[in-house]
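Listed below are the residues making up each chain.
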Amino acid sequence: MSFTLTQIFLLGVGYLSLLFACGWLVEKDWLPKRLVRHPLIYILALGMYASAWAFYGSFGMAERYGYGYLTYYLGIAGAFVLAPVLLLPLLRLTRTYQLTSLPDLLAFRYRSRWVGMLVTLGLLFASMPLLALQIQAIGDVIHLLTNESSPYHLAFVFCAVITLFAILFGARHISLQERHESLLVAIALESLVKLVAFLLLGGVALFTVFGGFEGLESWLATHGDTLAASVQPLEDNQWRTLLLLFVATAVSMPHIFHIIFTENPSEDALMQATWMLPLFLLLLALPVPVIYWAHQALQSTLPIEYASLSLGGYWSLLSFIAGLAAASGTIIVMTLALAPMVLNHLVLTVYQPPAKFDIYYWLVWMRRLLIASLIFIAYLVYLVLSVKHDLATLGLTAFIGTLQFLPGILALLYWPAANRKGLLAGLTVGFGIWFIGLGLPLMFGVTELHWPGGVIPLLGMDDWYQVTLVSITLNILIFILISLTTEPSEEEKIGAQACSQDSLLHSKRLQLKARNSADFIRFLSIPLGQTTAQQEVQRALKELSLHEQDARPYALRRLRDRIQANLSGMMGPAVAQELIDRYLPWKSSDNGNDDDIHFVERHLEDYRTRLTGMAKELDKLRRHHRQTLLYLPVGICTLGRDQEVLMWNHAMEKLTGICGEEVIGSRIRHLPAPWNQLLDSFLAEERQQVYRQALELEKGHLWLSLHKARLDDPVALMGGTVLLVEDQSDVKHLEDELIHNERLASIGRLAAGVAHEIGNPVTGISSLAQNLKYDAEDPETVRETSLQILQLTQRITRIVQSLVSFSHAGRHKDKQQQFEAVNLASTLDEAINLISLSPKGRHRFYQNLCPQDLYIQGDAQRLIQVFVNLIANARDATHEEGQITCTGKLQGSEAWIEIHDDGCGIASEELEHLFDPFYTTKEAGEGTGLGLALVYSIVEEHSGQIHAISPSPLLGKGSCFQCRFPLSPNLANQEIPDDHESYSDR
Amino acid sequence: MHFYRLVLVLVTLGYLFSPWFLVPWGGTDWYKPFLIWAGLIAATLWLEQKRRLEQL
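If you're wondering where the values come from, they're calculated on a predicted model, not measured in any experiment. (Residues numbered from 1 in each chain as written. Chains lettered and ligands numbered in written order. Predicted model: local features only at pLDDT ≥ 70, side-chain atom pairs only at ≥ 80, totals over all residues.)

### Describing the nonpolar core
All names here are of chain A.
Next up, step 1: Within the largest apolar cluster, 221 residues are counted, with the highest numbers of intra-cluster contacts made by A45, L46, F80, I135 and A378.
Next up, step 2: A total of 20 residues in this core trace back to one element, the largest contributor, which is helix α16 (residues 313-350).
Next up, step 3: Residues within four places of F80 in sequence aside, it is in contact with L87, A250, A273, T274, L277 and P278.
Next up, step 4: In this structure, I739, L837, Y846 and A895 belong to the second largest nonpolar core, which totals 45 residues. (Core = buried A, V, L, I, M, F, W, Y, C linked by C-beta atoms within 7 Å. Buried ≥ 20, exposed ≤ 12 C-beta atoms within 10 Å, placed from the backbone. Helix = DSSP H or I, 4+ residues; strand = E, 2+ residues; numbered from the N terminus. Contact = placed C-beta atoms within 7 Å.)

Dropping the structure here:
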């Protein structure tokens, strides 16, 4: 079965070139995206887990522990079954915060570059035996197939070739963060090759060596006892420990972490892997015993680890290709995963390139250099270890090392109280025991350790179970103990909240010093250089679908977070955070305690499907209340204490024409005009509501009622203000119509009186004219008579003018109501005049005691309407010769007008209903019940208040209507000139 | 939501009792551990379908 070195070299390079060609086709978009992004590709790529250990080392494990080799497959299968509670939360974290490796994740959670450095070093040490295992397997296989050259030389050539391909796959381009779809497809192809080759080899072993299932059974029946006696089955606890070891592999081995999290296309793909990957592993594990027994049946002299080569002929070439696929995939992905770790957590923490460098080029060249260095170091480890140890030993050593990270990872998700001091101490002790128990004996042949208490024998791999148990137990105990006895820093608490599955991150709504994206570029240019800063800001803007001009605090916070996440993927979370904190700092704010409600809501939405019991019910309630507010047919806008818009419901969108997406996160003053001015000025006022505020828009005018309430309840989560905006435009138009009709009705009621009032002067004029006919010769009489006629006609003109102006006033005012200075005494006079015209109004004693210098800002026509209605009611309530007194006074910043009568008064139970529409105490047909409702409406328009009091405090009986109007600031402090043009003067 | 609890129960039981399902190495019933494994995969597939339906 000997092949030439050239044949094997060409076969190996040819296979790797095929893989590269496959990746290249993906990069060129020559393969359909639907295929490339299919979940099956991701799941097959996860099969990369089955490294040379699975292909060769499994036979060594089977020889030692029988079915104990299955723990390698069952462990990771178990980790994937646990995906919803273990892998999925980690996937969400790594995606949200662009964390591409385990050190990134732990450094992010524990907010310490020391954690990042220690974890990176630990992973480097723990991964090296596994990398060495791959190199050893390929070197040995080539040597066994060719019988040429030393396996060390062959392994070196393999390392050189694989370095080239690793760089070609993962560090060829400047893009350093995106998923490598080409790599994923190539690794998926490798997994397919492995699976098909292994199943073929199993089939060949079954049918050519044993002649089928029956042959295998009969062979086992005769050799079963010998086989059983040759292995040392694992004890139950050893089995469980190995299972735990391989469960941890899923999240702690760098290459597996990279494929599971960094290359993941979707959550759905991960969930499908929960059963598909175990199925893939089952198919891979199935041929192992068959090939192993075939090796025994053939009495092959080959080392048991290379049992698949014992089938001979071209089947051994197939075994080589499958082994090459396993080893090359592991080395490529592992070095691609380790290189950025070393770069971010070791290199960049001690040296950062100056801004004048093109950082992208610097990073990509550093990554290439690190890939080559890592493979070279792995080769050196192989040279040191491979002489003495088999593949199973190397693999187990690596896996036990990476197990030490499991407590930190689980605490990251489920124990917010854990802190970095505990983690660092636990990891140091765990790795120390691992190094002493396994590292020293394996690498340096140390067999005992002397210390003051005596001598500890070091048995190396024979002690694997004890070393594993002691190291992980002490690691956990110290981690818990120190975490419980020391306080985490504030930063750590934030990290814990971001990662914890049981609590929400309460991100603060702080304001940045940078005011827009241009500022971001300017500030980031200092450490990154102009070009890089611009590219990173543009990229983050594009990813968030934000405009460059978007200056909302919420948008800027998101932009900052995204840039930090992107830089974290490029430089590691520790460096990225330091850089962002330094160059994109927050403003110091008095409102620093405000939580970012949007972030909390996003987090809750992500977490929704995992809520149970009371939490789920509460979430349903939350969503119900939110939906209620969103769909309420009244405009609602909630603001934080810093006046940042937190909610903008659908009615508000419809009313303002401003989309919620655009406005949420803005300050109120940054809203489009005129809404900014309207809401900002309302917020500045002391009043809790404004009734019918006019707003001029391009499309017309709106009449809005505004209400506000402070959310100052100490148990409230956020604080701030809620604004309620009602569109009263339709009501306003209807009311105007109603007022006009009421006015016409009043005129109708006055008509008889008017006729009488006009009839008297007309009779007078007629008499004077008759007299004039006879006294025309006396000039003095003529002059006197004409003067009397003139006075009488003026009286008629005044009556007619009053009626005309009263009937035309105030209907459908399209423009914003322009209030002007109104003399209250004059308006009262005018109202009394009008009422006096009616027949019922003549036999009353009217008294206007309102001071002549009492002015308010208002609409004179409407105020006359108010007083007409009130005096008419007073008139109706009094008997003939009854007294109606109008008084006025300044009371603080208000003008009070009171209309007293000595009539029958109002029952106390009627007082509260007086201003309700259609409520009347008059006989049927005498009153509509709208008069006082309109009075109330007009007084509110003037920002005033009206109260009914019975009996009248002035007259001691009857009733009193008290109107309180606010004095405008100008009028309150300034004298109104006597010649000021008011309604009554016109 | 029962999905996550079922998964945890399944994995815990599997972790604790899996050594009991092993047969002697080299026995004629060597395929039994694989059959049990296949059964667990089927259970996982069923749970995954259940989860999908629950999340719809």
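### Section: helix α3 (residues 39-46) of chain A
Residue and element names in this part refer to chain A.
Next up, step 1: Most of α3 is tucked away, with six of its eight residues classed as buried.
Next up, step 2: For α3, every residue scored as buried is listed here: I41, Y42, I43, L44, A45 and L46.
Next up, step 3: The secondary structure elements touched by the buried residues of α3 are α2 (33-36), α10 (181-209), α13 (254-262) and α14 (267-285).

### A look at helix α21 (residues 464-485) of chain A
Residues and elements named next belong to chain A.
Next up, step 1: Relative to the 32 Å expected for 22 residues at 1.5 Å per residue, α21 spans 31 Å between its end C-alpha atoms, a close match to the ideal helical length.
Next up, step 2: The complete set of buried residues in α21 reads W464, V467, T468, S471, I472, N475, I476, I478, F479 and S483.
Next up, step 3: Turning to α21, the residues buried within the fold contact α12 (236-252), α18 (391-403), α19 (406-414) and α20 (420-444). (Expected span 1.5 Å × (residues − 1).)

### Some points on the interface of chain B and chain A
Next up, step 1: Opposite the 26 residues of chain B that make contact, chain A presents 34 residues.
Next up, step 2: At the level of elements, α1 (2-17) and α2 (32-55) of chain B are the ones that each hand at least two residues to the side of chain B that touches chain A.
Next up, step 3: Per element, the largest residue contribution to the side of chain B that touches chain A is nine residues, and it comes from α2 of chain B.
Next up, step 4: Looking at the side of chain B that touches chain A, its residues break down into 18 nonpolar, seven polar and one charged. (Nonpolar A, V, L, I, M, F, W, Y, C, P; charged D, E, K, R; others polar.)

### Quick notes on the UniProt feature "transmembrane region" (unreviewed entry) in chain B
All names here are of chain B.
Next up, step 1: Mapped onto this structure's residue numbering, the UniProt feature "transmembrane region" (unreviewed entry) falls at residues 7-24 and 30-47.
Next up, step 2: Here residues 7-24 is 61% helix and 0% strand, with 29 Å between the C-alpha atoms at its ends.
Next up, step 3: Between the C-alpha atoms that bound residues 30-47 there is a distance of 28 Å. The span itself is 89% helix and 0% strand. (UniProt positions renumbered as here; feature names shortened; annotations may be inferred.)

### Regarding the sheet that holds strand β6 (residues 700-710) of chain A
Residue and element names in this part refer to chain A.
Next up, step 1: Here five strands make up an open sheet; going across it, the order is β4-β3-β7-β6-β5 and the pairing antiparallel. The sheet is open, and its two edges are formed by β4 (645-648) and β5 (689-697), each paired on a single side. On average, each strand axis in the sheet is tilted by 25 degrees relative to the strand beside it, whichever way the strands run. (Pairing = 2+ DSSP bridges. Axes fitted to C-alpha atoms, helices over the stretch in contact; angles between N-to-C directions.)

### Section: the confidence of the model for chain A
Residues and elements named next belong to chain A.
Next up, step 1: Residue-level pLDDT values for chain A average 84, and 90% of them are 70 or greater.
Next up, step 2: Low pLDDT, under 50, characterises residues 812-816; the stretch is placed with six contacts to residues that sit more than four places away or in other chains.
Next up, step 3: Here residues 974-986 is a poorly scored stretch, pLDDT under 50, and it has 20 contacts once near neighbours within four places are set aside; other chains count. (pLDDT = per-residue confidence, 0-100.)

### Quick look at the environment of A425 of chain A
Residue and element names in this part refer to chain A.
Next up, step 1: Note that A425 resides in helix α20.
Next up, step 2: Residues A425 and S483, spaced 58 residues apart in sequence, show a C-alpha to C-alpha distance of 9.7 Å.
Next up, step 3: If we skip the residues at most four places from it in the chain, A425 touches I478, F479 and I482.

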